[in-house]
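Tertiary structure, described
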Amino acid sequence: MRLILLGPPGSGKGTQANMLKEKYDIPHISTGDILRAEIKKKSKLGLKTKKIMDSGKLVNDNIVLGIIDKCIETGECKIGFILDGFPRTIVQAESLKQSLEKRKIKLNKVINIIVSDEEVVKRISGRWTCKNCGDIFNTYTKPEQEKGKCDKCSGKLYQRNDQKEDVVRDRLKVYKKQTQPLIDFYKKEGNLVDINGLLPINKVFKKILKVL
Ligand code: AP5
Ligand code: MG
């Protein structure tokens, strides 16, 4: 299974990817998570990208393409992958297309999760992520059982630096300008499916499973 999850910030890409990963036992590749891990490690790459990510802008295409190439080349991705947060620009989509064609790999589906701007702002303000396993919770829609602790691994929950409302609104602008054009790109490729992301988490998951 080879999937791309498209959608604005807060549409539930990470939430659905975590569930799909468990169901199909295939790698979940989130460029956002990989970049945040670099920032945590204070690596050269992390130091270079921290400011950009905190401001909600996109990091340079070449940086992200380097990360993805490495992932696709590893044996782990031979059985399939779920791409979350990549591609995000036409340059990235074209490059992925070439890279997959070169390896004679076909994408199964591009899942386009649709939600409104106001829902995004509300959801992101209530989001809590596990520092340890990356599971995602929400004060309003998916609260953890014990405050501040992950239900799965008891890891500490934290809020991301790009969760402030003004940054979220900027991320939505960036999404509309640079990422939304990918909807037409994949419509032309013929493998895009729209999913109503306003439904509850489990219903969204069921809809995705149905189209797969
Ligand atoms: P990234 O980490 O990819 O963030 P994003 O795309 O902005 O999306 P989010 O992670 O904020 O939201 P999500 O769709 O995963 O939703 P979630 O499941 O958390 O990117 C961050 C930054 O990294 C970028 O700004 C950029 O700087 C850089 N970057 C990353 N990739 C890049 C690339 N390819 N090129 C260049 N730069 C790149 O859900 C949100 C909340 O809602 C949660 O609390 C969840 O519990 C809740 N929720 C989810 N689904 C539902 C539902 N159906 N009903 C109710 N609540 C729900
Ligand atoms: Mg995410």
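Coordinates for the structure precede this section.
It should be emphasised that the depicted structure is a prediction, and the values quoted were computed from it without experimental measurement.

**Points about the packing of aromatic side chains**
- Summed over all chains, the structure comprises one aromatic pair.
- Geometrically, the ring pair formed by Phe 185 and Tyr 186 is edge-to-face, given 4.9 Å between the ring centres and 80 degrees between the ring planes.
- A residue is classified by how much of its surface remains accessible, and Phe 185, at 12% relative accessible area, is buried.
- Look at Tyr 186 and you get buried, because its relative accessible area is 3%.
- In this structure, Lys 122 is placed above the aromatic ring of Tyr 140, and the distance from its NZ or CZ to the ring centre is 5.2 Å.
- We note Lys 142 situated over the ring of Phe 137; from NZ or CZ to the ring centre the distance is 5.0 Å.

**A look at the packing of helix H7 (residues 165-179) against helix H8 (residues 181-189)**
- Interhelical geometry of H7 versus H8 gives an angle of 35 degrees and a closest axis separation of 5 Å. Here H7 contributes Tyr 175, Lys 176, Lys 177, Gln 178 and Thr 179 to the contact with H8, which in turn contributes Pro 181, Leu 182 and Ile 183.
- Here the contact of H7 with H8 is built from residues that sort into four nonpolar, two polar and two charged.

**A closer look at the environment of Ser 154**
- Relative to the helices and strands, Ser 154 is located in the loop between strand S6 (136-138) and strand S7 (157-158).
- Separated by 22 residues in the primary sequence, Ser 154 and Asn 132 have C-alpha atoms spaced 8.5 Å apart.

**Considering the layout of surface pockets**
- If you add up the space inside the second largest pocket, you get close to 220 Å³.
- As for the second largest pocket, its lining consists of Ala 93, Leu 96, Lys 97, Leu 100, Glu 101, Ile 105, Lys 106, Leu 107, Phe 185, Tyr 186, Glu 189 and Asn 191.
- Within the residue set of the lining of the second largest pocket, elements represented by two or more residues are helix H5 (90-102) and H8.
- Per-class residue counts for the lining of the second largest pocket are seven nonpolar, one polar and four charged.

**Describing the side chain of Ser 11**
- Take Ser 11: it is sitting in the loop between strand S1 (2-6) and helix H1 (13-24).
- With sequence-adjacent residues up to four places away left out, Ser 11 is seen in contact with Ile 113, Val 115 and Arg 123.

**Overview of the site of ligand 1**
- Within the structure, ligand 1 sits among 37 residues, and Thr 15, Thr 31, Lys 57, Arg 88 and Arg 171 are positioned closest to it.
- In this structure, an oxygen atom belonging to ligand 1 sits 3.1 Å away from a main-chain N or O atom of Gly 12.
- Here a nitrogen atom of ligand 1 and a backbone polar atom of Val 59 are 3.1 Å apart.
- Within the complex, 97% of the 1000 Å² of free accessible area of ligand 1 lies under protein.
- For the shell around ligand 1, the elements supplying multiple residues, two or more each, are H1, helix H2 (31-41), helix H6 (117-125), S6 and helix H9 (201-211).
- A total of four residues in the shell around ligand 1 trace back to one element, the largest contributor, which is H2.
- Grouping the constituent residues of the shell around ligand 1 by class yields 15 nonpolar, 13 polar and nine charged.

Reading guide: rules and limits
Residues numbered from 1 in each chain as written. Chains lettered and ligands numbered in written order. Predicted model: local features only at pLDDT ≥ 70, side-chain atom pairs only at ≥ 80, totals over all residues. Heavy atoms only, no water. Phe/Tyr/Trp six-rings, centres within 6.5 Å; stacked < 30°, edge-to-face > 60°. Buried < 20%, exposed > 50% of the residue type's maximum accessible area, 1.4 Å probe, protein only. Lys NZ or Arg CZ within 6 Å of the ring centre and 35° of its normal. Axes fitted to C-alpha atoms, helices over the stretch in contact; angles between N-to-C directions. Helix = DSSP H or I, 4+ residues; strand = E, 2+ residues; numbered from the N terminus. Contact = heavy atoms within 4.5 Å. Nonpolar A, V, L, I, M, F, W, Y, C, P; charged D, E, K, R; others polar. 1 Å grid on protein atoms, 1.4 Å probe; cavity = no way out; pocket = protein on both sides within 12 Å on 5 of 7 lines; lining within 4 Å. Points joined across faces, edges and corners; volume = space filled by probe spheres on them. Near = heavy atom within 4 Å. Polar contact = N/O pair within 3.5 Å; in protein donor to acceptor, adjacent residues only side chain to side chain. Areas by Shrake-Rupley, 256 points an atom, 1.4 Å probe, with all protein chains shown as cover.

Distances and angles like these do not, on their own, reveal function.
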